Amino acid sequence: MSDMITADLVDLDLAAATKEEAARSLAGRMVALGRVTDLDGFLADVAAREAQMPTGLDGGIGIPHCRSTHVTEPTLAFGRAATGIDFGAPDGPADLVFLIAAPAGADDAHLTILSALARRLMDPDFTSALRETDSPTTAAALVRGDVDPADASAASAASAVPAAEAPTGSETDRVTPPAGTGTGSGTGTGTGTGAEPAAASAPATVSASASASASVSESASVSESVPGEGAAEPEGSAPFRVVAVTSCPTGIAHTYMAAEALERAGQEAGVEVTVETQGSAGFARLDAAAVEAADAVIFAHDVPVRDKERFAGKPTVDVGVKAGINRAAELIAEAREKAARGEVSAASRPAPVESAGEPGEGYGSKLRKWLMSGVSYMIPFVAAGGLLIALGFALGGYEITSAKSVADVFVWGDHSSWAALLFQIGGLAFSFLIPVLAGYIAYGMADRPGLVPGFVGGAIAITIKAGFLGGLVAGLLAGAVVLAIQKVRVPAVLRGIMPVVVIPLISSAIVGFLMFLVIGKPLASLQQALTDWLNGLSGANAIILGAILGLMMCFDLGGPLNKVAYTFAVGGLANPNEGSLKVMAAVMAAGMVPPLAMALATTVRGKLFTKAERENGKAAWVLGASFITEGAIPFAAADPLRVIPSVMAGGAVTGALSMAFECTLRAPHGGIFVVPLIGNAFLYLLAILAGTVVGAGLVILLKGMRKTSQTPPQPAATAEKSAVVAAV
């Protein structure tokens, strides 16, 4: 880690009011050392990661981080701010800022070193030493693990004045590292490049007090560091055992910090905690015997837990990764309470209302996640089935709908037989849409036990002609029923058959009863009313609907609102009519606008964009033409206040014009490559062109106004900061 951070990458007088300014200042130091090749491109990647989840932590710490193609080697920059900077932590602003930059293809060794830093951040002595030191060299050595925090605190008073006079590290850099850095182990804390990285790469054994092998034995190794609580545990009296899994979107920082917090909390509570960190460097699977011997399970994650079925039948606490960092002791206490009550969960998921998720996460947020789970699994069926149907129409015309089954009649040399084959395969794929939607909504709520009642409910929705509305309700109903069943205490002898026999049997019967006899007919009536409304759309009403759908498609560029609009359109293709085909056309046209608008803007006024954005603009032509709205995300992440409103305006124009021109579309995807299947194709392309021009024009206008209003010199902070920024 000696090359990952040096005194040149430390700013003990970070002058920044916002997290964006802090990231830019620290990234400037990376650029000056050649660690980052494109400042704006790298900052866009940092902003995109920040948009996924705030990187502020309790205790005044901010850890913006990302993996980026603009990073040449793993690098860490540290800044200490006199005034706090808001990184979204629950307890307020941060004064210690760590900017972590990892290459897109970072190797495991470097990532395990970064994970070692993440673990050190949980040590209050470490953060105190960073707040006390006045030497950039000492700060860099602390971060590397070359200096013990206690030694650094003792030496800071003597070295503060000389260190402050050399903020750029010209006198105290890698040439004169603190004693012990040359060996990499055996000095200080012994974590420089020796023991700790190795520990971080084996998540099941990273605990300073617990290992996978110890977790299956009768001796409590955690207790070795908790005198009086378990060191003298009598033989035959095993400690309470917890296995945990931690993960975050990038797998660099939060993953390992949550692991460290849980292990420390376990030591304090006399609980044996073994953690599997599913990070960027991969993960070492928990020993099967350790899982079997565990009394409870904790999941602290923001991405799906891999191989989650290993933990079925255990009392489970399921939360976000930041809860694992900030509320570790509470989670362990909750796990013990669930085990004491005999509460087990084959699905390892919390109940919808009683979820111990992130503070402030409401029912609406959870509902969105469940619905998106169903939609994400449904989309491949939409794409495959819809395009096969469209190809069937293209080859055989619309009369292909009355063709006989190809299983009975198929002429190898007749193109209409091939058209019928494509159409019928696509129709069968499309028939799975509603069951898959319902099944995976239930899966999002209750994991695998929710699949059976979810699929059954979705199939019933088709039978009673309740359509997509019926599928949505059936999925939510199935998930809720399974979660309710899981809360019932059962004898230990029955726990093994609960997820494979009892839960599917009872939940399917309940969901079937409710769908057939209670809520099915009202849902079918509502679905029919919606279909009739779409059929009757004309004039101003149709144009307004097109504009609204266009705004939704462009607001979050492939996010939840975009998926809602797309699902609404695809739902109409299950039983196509004139109105639903118009909606599908408007939705796809509007979804093509954002990347095309950004591609046009970077072509017309390239000077308003960074080099990386101009390169992304070239790819955006193809992405937009293919109806991949996400092609505009890099631009929106870098400048959301100018890009998103502009592309929304363009999408609204395109959606409204598509409806006004009465364009239709039978394919759910494909972009310009399915033009032969579009009704009024010329006017359809004209609508896309108009929206693209509007979106690009607004982006250019807003960015141009920003350029002219910006003052070239930055506010005077320190001579050191000015020099670094100038080097960029």
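What counts and what doesn't
Sequence order as written defines the numbering, with residues in each chain counted from 1. Thresholds applied to this predicted model are a pLDDT of at least 70 for local features of residues and 80 or more for the giving and counting of side-chain atom pairs; totals over whole chains, interfaces and linings are not thresholded and use all residues. Hydrogens and water are ignored here; the side-chain numbers use all heavy atoms of the structure. Counting from the N terminus, the helices are DSSP H or I runs at least four residues long and the strands are E runs at least two residues long. Each residue is assigned to one of three classes by its accessible area relative to the maximum for its type, calculated with a 1.4 Å probe on protein chains only: buried under 20%, partly exposed between the two thresholds, exposed over 50%. One side-chain nitrogen of Lys or Arg within 4 Å of one carboxyl oxygen of Asp or Glu is enough to make a salt bridge. By convention a nonpolar core is built from buried Ala, Val, Leu, Ile, Met, Phe, Trp, Tyr and Cys residues, the set being connected through side-chain atoms within 4.5 Å. In this analysis, two residues are considered to be in contact whenever any of their non-hydrogen atoms come within 4.5 Å of each other. In this scheme, strands are said to pair when DSSP sees at least two bridges between them. Helix axes use the C-alpha atoms of the stretch in contact, all axes being lines fitted to C-alpha atoms, and the angles between their N-to-C directions lie in the range 0 to 180 degrees. How far a helix is expected to stretch is found by multiplying one less than its residue total by 1.5 Å. By definition, any crossing whose near helix is turned counterclockwise from its far helix by less than a right angle is left-handed, and any crossing with a clockwise turn is right-handed. Three classes are used: nonpolar for Ala, Val, Leu, Ile, Met, Phe, Trp, Tyr, Cys and Pro, charged for Asp, Glu, Lys and Arg, and polar for all others, with Gly counted as polar.

Chemist: Lay out unusual backbone geometry in plain terms, naming residues and giving numbers.
Modeler: For F627, which is not a glycine, the phi torsion comes out positive at approximately 60°. Note on placement: F627 falls in the loop between α23 (611-625) and α24 (633-638). Since its relative accessible area comes to 5%, F627 is described here as buried. Phi is positive for N680, which is not a glycine, with a value near 60°. Considering the arrangement of structural elements, one finds N680 in the loop between β12 (678-679) and α26 (681-709). Of the residues examined, N680 reaches a relative accessible area of 41% and is grouped as partly exposed.

Chemist: I'd like a description of the pattern of salt bridges, backed by residues and values.
Modeler: Inspection of every chain in the model, using the stated rule, returns 15 salt bridges. Two residues, D11 and R29, come together in a salt bridge whose shortest N-O distance is 3.7 Å. Of the two residues, D11 sits in strand β1 (residues 10-14) while R29 sits in helix α1 (residues 19-32), which places them 18 residues apart along the sequence. Here R29 falls in the buried class, since its relative accessible area comes to 3%.

Chemist: Tell me what's going on with the nonpolar core, and back it up with residues and numbers.
Modeler: Across soluble globular proteins, nonpolar side chains show a tendency to be buried alongside one another. Membership of the largest hydrophobic core comes to 74 residues, with the highest contact counts inside it found for F42, F78, F98, L130 and I298. When residues in this core are grouped by element, the largest group, 7 residues, is from strand β6 (residues 94-103). Setting aside residues up to four positions removed in sequence, F98 forms contacts with I61, G62, I63, P64, L76, A77, F78, L117, L121, F126, L130 and V143. Grouped together as the second largest cluster of nonpolar side chains are 73 residues, A542, V570, L573 and M592 included.

Chemist: Residues and numbers for the sheet that holds strand β7 (residues 241-247), please.
Modeler: Read across the sheet, 4 strands follow the order β8-β7-β9-β10 without closing on themselves; strand pairing throughout is parallel. Edge positions in the open sheet fall to β8 (272-277) and β10 (316-319), since each of these has one partner strand only. Looking at each pair of strands side by side, their axes are set apart by 15° on average, direction ignored. Strand direction decides the pairing type here: strand β9 (residues 296-301) and β10, joined by 4 bridges, are parallel. Within β10, the residue paired with I298 across the bridge is V317. Seen against the sheet, helix α9 (residues 254-269) touches β7, β8 and β9 and runs at an angle of roughly 175° to β8.

Chemist: Tell me about helix α15 (residues 433-446), and name the residues and values.
Modeler: In this model α15 runs 20 Å from its N-terminal to its C-terminal C-alpha over 14 residues, within 8% of the 20 Å that 1.5 Å per residue would give. The element α15 is extensively covered by neighbouring structure, given that 13 of its 14 residues are classed as buried. Residue D447 follows α15 closely and has a positive phi angle near 65°.

Chemist: Tell me about the packing of α15 against helix α16 (residues 451-463), and please be specific about residues and values.
Modeler: Any two packed helices are characterised by the angle at which their axes cross and by the distance between the axes. Across the interface, α15 lies against α16 with an axial gap of 7 Å and an inter-helix angle of 150°. Seen along the crossing, α15 lies across α16 with a hand that is right-handed. Taken together, the residues of α16 that come into contact with α15 (itself represented by I434, P435, V436, A438, G439, Y440, A442 and Y443) are L451, G454, F455, G458, A459, A461 and I462. Among the residues forming the contact of α15 with α16, the class breakdown is 12 nonpolar, 3 polar and no charged.

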